[in-house]
Amino acid sequence: MRTNRYLLFMLCLLAAAVLRAEQEPDYTFRISADSIRTAGGRVSISFTLDLGERIVYSQHKRILTPVICTADRSRQLDLPAVVVNGHNRAIKEQRAGRAEGQPADVYLTLTGNRPSNRTVSYRTRVDYQPWMEQAVLTLRQDVLGCACGGLLEQEQEVKGQLLYAPQLSTSPEMECPKDFVQRKIEKDAFLIYPVNQTRLYPDRYGNRAELLKIDSAMNYVQQNPDYEIRRIEITGFASPEGSYEHNVELAEGRAGALKDYILKRYAADPALMDVRPGAENWEGLAEVIAAGQMPYKEDMLQIIDSIADPDGREAAIRRLDGGRTYRTLLTTVYPGLRKNTFTISYISRERTPEAARDLALSRPQELNAYEFYTVAHRFCADDPEAYRRLLLTAADTYPDNAVACNNAAGICLRDGDYEQAERYLSQTANEPFTWNNRGYLLWMKGEREEAAVWWRKAAGQGDPTARHNLEELEKR
């Protein structure tokens, strides 16, 4: 009787243990010696899987599935699974002639809790897909009980980044050179002079409105104490009727008349003024004819293009249509060809950092490129957003400044704004100091081979950042 009670007690303990295992299976796993590489359009994955001290309970099916997936699970790929059947489970499935809950793709099937089953050497290859660059490797574990019910579902990230992504660097910020950018104001003044004369009448023939263009430019520069005039260029153009030699004299004389007007009204240095004869305005005539629908349009354009001698051109146009077309030109087109072009070039003198800061907020277009950097370094070192905004404004204000544009491109690359970075780089002239950033942009756009070309070029010029990027690629 005592023996029977003892057997009953042991059976109860065994049943409780089985129930406990059904309810809370204590399965652990660990991955080590992992290696993931890309080559020839394939991703090779290898690792050692340790199934833990408790490999499998007799009545369980344990399924471990490696999964390549993005963080948001929008893309994922199940790799072949490792399946471990408990002893009783294996016998049951063998008798039934079918495996319950079996995954579609199985790497290896093990049976029982033997110590030799604890370690699995896992090797597989899959086709490379671009989304895998942002993927991680996880291991999903599913445990089925004796009644095919799910006892355990868990997932653990085992590799934070599936593929090795080089830790790339953008070019470091360069100091914008301290130069005085020369600015220009250009105006066309269609001044009317008496026939065959060079005397300028400011208040006749509607000339006052045209001279206001010149006055506004001169006043704008001279009334700003920060501006310094570097050069004033005046070019005179005549319409192409009459002899070429005479028209050159008229063009130069009329340009000189405009110079005299400026010297009388403004305290301009005559040594800074350059008067040039623009001769006959054939270029302007060709533009007017090409844009209109005049009779003999193509004939006139062919004459202008094929006859080099100006007087010969005029004679050929006179002969068209018995002279009617030429007379139309004289009254409707030629007056607009008689003009002066006025260009005033000036620089902005260096300001104090405090004055430059005030302008950066109110009139940033007044700053020289290097003054943006002075303000950024002096006053915005602790305000990253204001610092960033000033450097981008410098590039927007001076799109021809390659240093400013390259620095702006670097900011955009770090922000992930590749479209803006490309715009800034397109404004440079492929200077060597831009090559690393060009490579970085190409890499982030997926053009890996082209990126390496630019990095090799930059490294050949001694760029340490490009050399670093090439070294990172070699680890891939």
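Procedures and definitions
- Residues numbered from 1 in each chain as written.
- Predicted model: local features only at pLDDT ≥ 70, side-chain atom pairs only at ≥ 80, totals over all residues.
- Heavy atoms only, no water.
- Pairing = 2+ DSSP bridges.
- Helix = DSSP H or I, 4+ residues; strand = E, 2+ residues; numbered from the N terminus.
- Axes fitted to C-alpha atoms, helices over the stretch in contact; angles between N-to-C directions.
- Buried < 20%, exposed > 50% of the residue type's maximum accessible area, 1.4 Å probe, protein only.
- Right-handed = clockwise from strand over helix to strand, strands pointing away.
- Parallel < 35°, antiparallel > 145°, perpendicular 65-115°, else oblique.
- Contact = heavy atoms within 4.5 Å.
- Nonpolar A, V, L, I, M, F, W, Y, C, P; charged D, E, K, R; others polar.
- Salt bridge = Lys/Arg side-chain N within 4 Å of Asp/Glu carboxyl O.

Asker: Help me out: how do you make sense of the sheet that holds strand β13 (residues 339-348) in this one?
Answerer: Note on sheets: strands pair through backbone hydrogen bonds, and any given pair is parallel or antiparallel. The sheet built from four strands is open, its strands ordered β10-β13-β11-β12 with mixed pairing. Each edge of the open sheet is held by one strand with a lone partner, namely β10 (183-189) and β12 (273-280). Averaged over all pairs of adjacent strands, the angle between their axes in this sheet comes to 15°, without regard to strand direction.

Asker: What should I look at first to understand the pairing of strand β5 (residues 81-85) in this one?
Answerer: Every other side chain in a regular strand lies on the same face of the sheet, so the side chains alternate between the two faces. Most of β5 sits inside the fold, with five of its five residues counted as buried. Covered by surrounding structure in β5 are Ala81, Val83 and Asn85 together with Val82 and Val84, the residues of both alternating faces. In this sheet, strand β6 (residues 106-111) lies alongside β5 in parallel orientation, the contact comprising five bridges. Residue Ala81 lies in a different strand from β6, and its bridge partner there is Val106. In this fold, the crossover linking β5 to β6 by way of helix α2 (residues 87-96) has right-handed handedness.

Asker: Which parts of the structure should I look at to understand the packing of helix α9 (residues 353-362) against helix α10 (residues 369-379)?
Answerer: Packing of α9 against α10 brings their axes to within 9 Å, and their N-to-C directions diverge by 100°. Overall, the two elements α9 and α10 adopt an arrangement that is roughly perpendicular. On α10, the residues touching Pro353, Glu354, Ala356, Arg357 and Ala360 of α9 are Glu371, Thr374, Val375, Arg378 and Phe379. Looking at the contact of α9 with α10 residue by residue, the class counts come to five nonpolar, one polar and four charged.

Asker: Honestly, the pattern of salt bridges in this entry has me stumped. Any pointers?
Answerer: Two side chains with opposite charge may pair up if their charged atoms get near one another. The full count for this structure, using the stated rule, is 32 salt bridges. Among the ionic pairs, Arg208 bridges to Asp215, the shortest N-O distance being 3.8 Å. Take Arg208: its relative accessible area is 28%, and that puts it in the partly exposed class. For Asp215, a relative accessible area of 4% gives the class buried. Taking the shortest distance from any N to any O, the salt bridge between Arg338 and Glu241 comes out at 2.8 Å. Of this pair, Arg338 sits in the loop between α8 (324-332) and β13 while Glu241 sits in the loop between β11 (227-238) and α4 (244-265), and the two are 97 residues apart along the sequence. The exposure class assigned to Arg338 is partly exposed, which follows from its relative accessible area of 25%. Residue class for Glu241 comes out partly exposed when judged on its relative accessible area of 22%. Connected through salt bridges with shared partners, the residues Asp203, Arg208, Asp215 and Arg265 form a single ionic network.

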